[in-house]
Amino acid sequence: MIRVKVSKSNRIRQGDIYRNVEYIEYVKEEKGILEISKIIYPYIIVLTQDCDLEQDFKNRKEKREKPEKTQDKYLFSVLVAPLFNIEHFKKGEHFSELKIHMRDDIPWDRTEGNKIRKNELPRYQYIKFPPELEIVDSIIDFKHFFSINIENLNEIRRKNFICSVSELFREEISDRFAFYLSRIGLPELKPKEKLVSL
Amino acid sequence: MRKRKQVETTGYAAQEAPQTDATEKEEEGIRDYKEVEPEKDKHALLKPKRVIIRAIITHDKS
């Protein structure tokens, strides 16, 4: 189980969990009709490094007080990833509202399932929340990270905040996300491909 | 599917039943477990969903 803080901060923090966050898929205009497609994620977690978020907050504050200040530390967007109900994930149904069917054959009581629960598979982060929170046991799928505009997130911050994952626990998530992004997948070469002519 | 706890309501008229002030509780950062459990069941059902908005663009003729 992870430790969380439920008190709100005056800024966005790494590890913050928000509800009902919108992701704009596309905007198009054709023959006078504007069409906007967005995905609303029930829960997301902030992955951006906390020092970057803190510097952005301080820079904005300094800029308001002293307009001559530069905006060198401003962020445009924040990296986040969605959280899914573990029961939906096991059945491959967590994207069913988007008509996307995910893997439903993970052997939860065997090696692969155990590895996911112990956070030994790079792609996933399994999180067990304290029972007092509204969120059930969840899983982060790092493959589906996305970015959202920091000012938009700040507008909904107070109303949509649920909790913030505490230090150490949030650093572990961030560290595993960074490892997932930087992984190198090597192709399986056929015998003839292994020899490169010089 | 998690079982929903039965909420004890005998002895109260509907308008007299104790109400949870969710806003205050959120500001304090503390929520009672019994109040949260029905919400937990509700939130457990949530999945990402797509919303498409269409609007007709009108041009300013001025």
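The structure contained in this document is the topic of the report that follows. None of these values were measured; they are calculated from a predicted model.

Mapping A:Asp52 onto the fold places it in helix H1 (residues 50-65). In this structure the C-alpha to C-alpha distance between A:Asp52 and A:Ser9, which are 43 residues apart in sequence, comes to 16 Å.

Let us look at the pattern of salt bridges. Summed over the entire model, instances satisfying the criterion amount to 19 salt bridges over all chains. A salt bridge links B:Arg54 to A:Glu35; the nearest nitrogen and oxygen atoms lie 2.7 Å apart. Within this pair, whereas B:Arg54 is found in strand E1 (residues 49-56), its partner A:Glu35 is found in strand E3 (residues 33-46), the two belonging to separate chains. A:Arg170 is the partner of A:Glu171 in a salt bridge, and the nearest nitrogen-oxygen pair spans 2.9 Å.

Structurally, B:Lys47 is set in the loop between helix H2 (33-44) and E1. Buried charge without a partner: B:Lys47 forms no salt bridge, and the closest opposite charge is A:Glu93, 4.0 Å away. Within polar-contact distance, the side chain of B:Lys47 engages the backbone oxygen of A:Glu93 at 3.3 Å. A polar contact is formed between the side chain of B:Lys47 and the side chain of A:Ser96, at a distance of 2.8 Å. Apart from the residues within four sequence positions on either side, B:Lys47 is in contact with A:Ile40, A:Pro42, A:His88, A:Glu93, A:His94, A:Ser96 and A:Glu97.

Residue and element names in this part refer to chain A. Residues other than glycine seldom take positive phi values, yet lysine 31 does so here, at roughly 50°. Looking at the element boundaries, lysine 31 is found in the loop between strand E2 (16-30) and E3. Residue lysine 99 is not a glycine yet carries a positive backbone phi of 60°. Topologically, lysine 99 is positioned in the loop between helix H2 (86-90) and helix H3 (111-117). In this structure lysine 99 comes out as exposed when scored by relative accessible area, which is 75%.

We now examine H1(A). All names here are of chain A. A rise of 1.5 Å per residue sets the reference length of H1, with its 16 residues, at 22 Å; its end C-alpha atoms lie 23 Å apart and thus fit the reference within 8%. Turning to H1, its buried residues number three or more, namely Asp50, Leu53, Asp56, Asn59 and Arg60. The inward-facing, buried residues of H1 abut E3, strand E4 (77-85), helix H4 (150-160) and helix H5 (169-182).

Turning our attention to the pairing of strand E8 (residues 161-165) of chain A. Regular strands place their side chains on alternate faces of the sheet. All names here are of chain A. Burial analysis of E8 places five of its five residues in the buried class, which makes it a mostly covered element. The pairing of strand E1 (residues 4-5) with E8 spans two bridges and is classified as antiparallel. Considered in E8, the bridge of valine 4 is made with valine 165.

Residue and element names in this part refer to chain A. With respect to the helices, strands and loops of the structure, aspartate 141 is situated in strand E6 (residues 138-141). The class for aspartate 141 is buried, based on a relative accessible area of 0%. Separated by 2.8 Å, the side chains of aspartate 141 and arginine 123 make a polar contact. Excluding its chain neighbours within four sequence positions, the residues that come into contact with aspartate 141 are Pro82, Phe84, Met102, Arg123 and Tyr124.

Reading the values: rules and limits
Residues numbered from 1 in each chain as written. Chains lettered and ligands numbered in written order. Predicted model: local features only at pLDDT ≥ 70, side-chain atom pairs only at ≥ 80, totals over all residues. Heavy atoms only, no water. Helix = DSSP H or I, 4+ residues; strand = E, 2+ residues; numbered from the N terminus. Salt bridge = Lys/Arg side-chain N within 4 Å of Asp/Glu carboxyl O. Buried < 20%, exposed > 50% of the residue type's maximum accessible area, 1.4 Å probe, protein only. Lys, Arg positive; Asp, Glu negative; His and termini not counted. Polar contact = N/O pair within 3.5 Å; in protein donor to acceptor, adjacent residues only side chain to side chain. Contact = heavy atoms within 4.5 Å. Expected span 1.5 Å × (residues − 1). Pairing = 2+ DSSP bridges.

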